[in-house]
Amino acid sequence: MNKGRFLMLLVCCQLFLLACDSQPSGKDEIDVKVENLLAQMTLEEKVGQMNQYNGFYDVTGPAPAEGDAKNKYEHIKSGWVGSMLNVRGANEVRKMQSLAVDSSRLGIPMIFGFDVIHGHKTLSPIPLAEAASWDLEAIEKSARIAAIEASAEGINWTFAPMVDISRDARWGRVMEGAGEDTYLGSRIGVARINGFQGDDLSAHNTIAACAKHFAGYGFAEAGMDYNTVDVGTVTLHNVIFPPFKAAIDEADVKTFMNSFNIINGIPATANKFLQRDILKGEWGFDGFVISDWSSGAEMIAHGYAKDLEHVAELATNGGSDMDMESYANIKHLVKLVEAGKVKESTIDEAVKRVLRVKYELGLFDDPFKYCDETREKELIYHADHMAAALDMAKRSIVLLKNENNVLPLAKEQKKIAVIGTLADDKDSPLGNWRMAGEDNTAISVLEGLDAYGVNYKYAEGAELVTGPTAFPVELEINTTDKSGFKEAIALAKQSEVVVMVLGEHGLHSGEGRGRANLGLPGVQQELLEAVYKVNKNIVLVLMNGRPLTITWADEHVPAIVEAWQLGTQTGHAVAQVLFGEYNPAGKLPMTFPRHVGQVPIYYNQYSSGRPGPKTEVFWPHYMDESEKPLYPFGYGLSYTKFDYTDLNINVLEGRKVEVSVVVTNSGDRVGEEVVQLYLHDKVASVVRPVKELKGFEKISLEPSQTYKVVFTLSEKELGFYNGQGEFVVEPGDFGVMVGTSSVEGLTSEFELK
Ligand code: GLC
């Protein structure tokens, strides 16, 4: 090529590059549109974007006296409502959206939020059960399907995932999270957000996700919902914050929800340290923050705000961008700006965050893109969704005990008894936070056994609850009526094996559903012991929303299966596991205590100065109960057996450490195993837990198959946050354990220079 042509080509390339620069990229283009729209908005219209109303149907919190339907309609038509929640169905969303888009001056579309927590209409297992699968691919797919069904019903924003870490099974909302561990909870939170948001938020079948509840909600004292939270900065930075930070760094989550509780004496909804210093400052979050249901107004009861006007001032200045059901912003923000108590620039920053998400969702291009009744009919309960829900359910089941290989049962087995009212319950398996799910739509355990072709006889044994069970009434647990025992005992007497389905009602966990006792509710324990007296060959199938103290069962019953609340496909999943069509591979995401007196109990504790056990009394223990858990974090059995050999550690340049182990399936059937890696930083500038999960890999092995698992640890896994919130990696000795649970594996150590 001659010189002249080469120079011409060079000039053309330069011009092309300049042209690219001048065309704003997606994000920049949206920012320009947001600025242009903001410049046209009145102060009232700006405040409207910071206001969310509940739909005219169900409430998911205390229904306020304010905001009657007439007000809401007028406010929507005036462009004073940026969002609604709990609006059901594409047709209803279309109606509400039309009011906003067609009647208001600027026609700004609303964003429609909903609690899409574990499925939408097709319900997947409760989140704690999904976490027990440790299967990130399946969990992401579960969220993807939830988004497809929710968006088919007009929803474009879910208030999920809940990424609150909790170590307290008394707290009703443990069912809604991913358990006690920060590393597992972070990975699962990212998977869920990726499932909801997909790789194109403007697509009609993806929805904005919401990392909640920021922050510390799972540490409510005494496991009582809404109760005081009082944690130190090391716990905040190393245990509570990481899943939220991962939601931003690894999944670009579009919204956050703050929480009901105080942190360092200041309610999260007005907490500048949380929302401005950390979230929007240090972490650079560019989405928006919504309050929890009336969490703003509740600052009055907390003793932090003197009235609703003060609520609006404190929440907005504290970094909360949108008000869910406190009616504080809509009533007081305009006056507060005029009085100079809230700067208009603060309002502008909040409104830009809200508008940006709406643009990214494509709502300005087509406000009705999610309102497609045809899609709604085609996609809700789609067969593919049912199949995925079944797969997710099977993967969530944890085998806790299997003495003498009582399980799997043989279909040909004669005289199978099934006892327990939960076996015939089509509603409890749906769990709490089923919002759009239709009651009584689960495949019950009995229906699953029927479909699997199992011959059995059933006896209820005893009612679990009496009285109304509709959300959100208190449940009346049956503690007196044992009239069904006689029939159950007679059936057990004449049976070879007894499958007992016991546990909690579907609404016996969830928000506002704390328990001070973690045993089998009602008369179930008595029923279990009465049956055991006449037939010891019991398979206990647990149906529950939280860890339970099933200590007696563990000491007596030969086989125990943790079946949680597995959603729409419960019965099929339970049948396929009980009869060996599916080999269970779940691992506990949360420690099971022996006794509620041990709570909070979790695996990654700090060492005391007197680690036991000791012969004399001066060490951490109880005089009347073991200090060990009933079942540890990461525990779960299989119908086959896995052997671990050849643990190797290789400290590489650049503070990377390669850890490998060989796993062999030494049993006679194919199985999956979750290989877990735990680290212990033995001496550090702030004490570190005796072990922490820092890696896991789920593998499937044929009988006799061997596989080498390799983990590469980087500074991210080796480091920690000190008391000043600084991330540090310190040289020194590290302990390593790689194995099948947090208490069983091969151990070694290495020195980090
Ligand atoms: C509830 C919950 C929150 C939920 C919101 C809307 O009180 O705390 O998780 O998303 O209100 O239903």
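Fair warning: this is a prediction, and the values are worked out from it, not measured in the lab. (Residues numbered from 1 in each chain as written. Predicted model: local features only at pLDDT ≥ 70, side-chain atom pairs only at ≥ 80, totals over all residues. Heavy atoms only, no water.)

## As for the nonpolar core
Stated formally: We call a set of buried residues a nonpolar core when its members are Ala, Val, Leu, Ile, Met, Phe, Trp, Tyr or Cys and they connect through side-chain atoms within 4.5 Å of each other. Residue exposure (1.4 Å probe, protein chains only): buried if accessible area is under 20% of the type maximum, exposed if over 50%, otherwise partly exposed. Residue contacts follow a heavy-atom distance rule, with two residues in contact if any of their heavy atoms lie within 4.5 Å.
Ranked by internal contacts, the top residues of the largest apolar core, which has 121 residues, are F214, F256, I419, M500, V539 and I550. If sequence neighbours within four positions are ignored, I419 has contacts with A459, E460, A488, L491, A492, V498, V499, M500, V501, L527 and V531. Grouped together as the second largest cluster of nonpolar side chains are 28 residues, I30, V47, V334 and V351 included.

## Observations concerning the sheet that holds strand β6 (residues 255–258)
We apply this condition: In short, DSSP must find at least two bridges between two strands for them to pair. Secondary structure follows DSSP: runs of H or I at least 4 residues long count as helices, runs of E at least 2 residues long count as strands, and numbering of each begins at the N terminus. The convention used is that axes are lines fitted to C-alpha atoms, helices contributing only their stretch in contact, and that angles between N-to-C directions extend from 0 to 180 degrees.
An order of β5-β6-β9 is seen for the 3 strands of this open sheet, with the pairing classed as parallel. Each edge of the sheet is formed by a strand with only one pairing partner; in this case those strands are β5 (210–214) and β9 (288–290). Along the sheet, successive strands turn relative to each other by an average axial angle of 25 degrees, direction set aside. Summarising the sheet, β6 and β9 pair through 3 bridges and their orientation is parallel. The residue bridging M257 from the neighbouring strand is I290, located in β9. Where helix α11 (residues 272–282) meets the sheet, its contacts fall on β5, β6 and β9, and the angle it forms with β5 comes to roughly 145 degrees.

## Comments concerning unusual backbone geometry
With omega at 10 degrees, the peptide bond leading from A160 into P161 counts as cis. Inspection of the secondary structure assignment puts P161 in the loop between β4 (157–158) and α8 (182–197). Looking along the chain, the bond that leaves V599 and enters P600 is cis, with omega of 5 degrees. Here P600 lies in the loop between α22 (570–578) and β19 (642–652). Notably, Y381 is not glycine yet its phi reads approximately 65 degrees, a positive angle. Following the sequence through the fold, Y381 ends up in the loop between α16 (373–379) and α17 (383–396). Non-glycine residue D646 carries a positive phi angle of around 55 degrees. Here D646 lies in strand β19.

## Some points on α22
With 8 of 9 residues buried, α22 lies mostly within the body of the structure. Looking at α22, one finds that the buried residues are T570, G571, A573, V574, A575, Q576, V577 and L578. Those residues of α22 that are buried are in contact with α17, α18 (445–451), β16 (497–503), β17 (538–543) and β18 (559–562). The first or second residue beyond α22 is G580, which carries a positive phi of 80 degrees.

## Some points on the side chain of S166
The cut-off we apply is this: Any pair of N or O atoms that falls within 3.5 Å is considered a polar contact. Within protein, one atom must be able to donate a hydrogen and the other to accept it, and sequence-neighbouring residues count only if both atoms are side-chain atoms.
The topology assignment puts S166 in the loop between β4 and α8. A relative accessible area of 2% means that S166 is categorised as buried. Within polar-contact distance, the side chain of S166 engages the backbone nitrogen of D168 at 3.3 Å.

## Focus on the confidence of the model for the chain
As a note on interpretation, predicted positions should not be read in detail where pLDDT is low. Applied cut-off: What pLDDT conveys is the predictor's confidence in a given residue, as a value from 0 to 100.
On average, residues of the chain score 95 in pLDDT, and 95% of them are at 70 or above. Contacts of residues 15–24 to residues separated by more than four positions or lying in other chains number 1 contact, the stretch itself having pLDDT below 50.

## Description of the packing of aromatic side chains
As a reminder of what qualifies: The criterion for an aromatic pair is that two Phe, Tyr or Trp rings (for Trp, the six-membered ring) have centres within 6.5 Å, with stacked assigned to planes under 30 degrees apart, edge-to-face to planes over 60 apart and tilted to the rest. The criterion is that NZ of a Lys, or CZ of an Arg, lies within 6 Å of the ring centre and within 35 degrees of the ring normal, and then a charge sits over that ring.
Tallied over the entire structure, the rule returns 26 aromatic pairs. Their ring planes at 80 degrees and their centres at 5.2 Å tell us that Y226 and F260 sit as a pair that is edge-to-face. Here F260 lies in the loop between β6 and β7 (262–263) and Y226 lies in the loop between β5 and α9 (233–240), a separation of 34 residues in the sequence. Using a relative accessible area of 38% as the deciding quantity, one classes Y226 as partly exposed. Residue classification places F260 among the buried residues on the basis of a relative accessible area of 5%. Three or more aromatic residues joined by ring pairs make a cluster, and in this case those are W134, Y183, Y603, F633, Y678 and F696. Of note, R187 hangs over the ring of Y183, and the distance from its end group to the ring centre comes to 4.7 Å.

## Some details on the pattern of salt bridges
Test applied: Just to be clear on terms, a salt bridge is a Lys or Arg side-chain nitrogen sitting within 4 Å of an Asp or Glu carboxyl oxygen.
A full pass over the atoms with the stated rule returns 42 salt bridges. A salt bridge links R170 to D168; the nearest nitrogen and oxygen atoms lie 2.6 Å apart. A salt bridge links R353 to E349; its shortest N-O distance comes to 2.5 Å. One end of the pair, R353, and the other, E349, are both in helix α15 (residues 344–360), 4 residues apart, so they sit about a helical turn from each other. Given a relative accessible area of 9%, R353 falls into the buried group. With a relative accessible area of 23%, E349 lands in the partly exposed category.

## A few points about a negative patch on the surface
Put simply, the rule reads: Like-charged residues within 9 Å of one another, or nonpolar side chains (Val, Leu, Ile, Met, Phe, Trp, Tyr) within 5 Å, are grouped into patches, provided each residue has over 30% relative accessible area and no salt bridge. Only the protein chains shown count as cover for residues, with accessible areas throughout obtained via the Shrake-Rupley method and a probe of 1.4 Å. Charged-residue counts in this description rest on Lys and Arg as positive and Asp and Glu as negative, His and the chain ends being excluded. Working definition for charges: the position is that of NZ of Lys, CZ of Arg, CG of Asp or CD of Glu.
There is a patch of like negative charges on the surface, built from D424, E460, E463, D481 and E487. Within the secondary structure, E487 sits in helix α19 (residues 485–493).

## Describing the side chain of S294
With respect to the helices and strands, the residue S294 is situated in the loop between β9 and α12 (298–302). A distance of 2.6 Å separates polar atoms of two side chains, one belonging to S294 and the other to E298.

## Notes on helix α7 (residues 136–152)
Inclusion rule: Here, expected helix span is obtained from the residue count minus one, scaled by 1.5 Å.
For α7, with 17 residues, the first-to-last C-alpha span of 24 Å sits near the 24 Å given by 1.5 Å per residue. Extensive coverage of α7 is indicated by the burial of 12 of its 17 residues. What α7 keeps buried is the set A138, I139, S142, A143, I145, A146, A147, I148, E149, A150, S151 and A152. On its buried side, α7 packs onto α5 (90–103), α6 (127–131), α8, α16 and α17. Two residues or fewer past α7, G154 is found with a positive phi of approximately 90 degrees.

## Side note on the packing of α17 against α22
Filter applied, for reference: Working definition: roughly parallel below 35 degrees, roughly antiparallel above 145 degrees, roughly perpendicular at 65 to 115 degrees, and oblique for all remaining angles. In a left-handed crossing the near helix is turned counterclockwise from the far helix by less than a right angle, and in a right-handed crossing that turn is clockwise.
Remark: α17 packs on α22, axes separated minimally by 9 Å, with the N-to-C direction vectors making an angle of 50 degrees. Classified by the angle between their axes, α17 and α22 sit oblique to one another. In this structure, the crossing between α17 and α22 has a hand that is right-handed. For the pair formed by α17 and α22, the contact residues are L390, A393 and K394 on the first element and H572, A573 and Q576 on the second.

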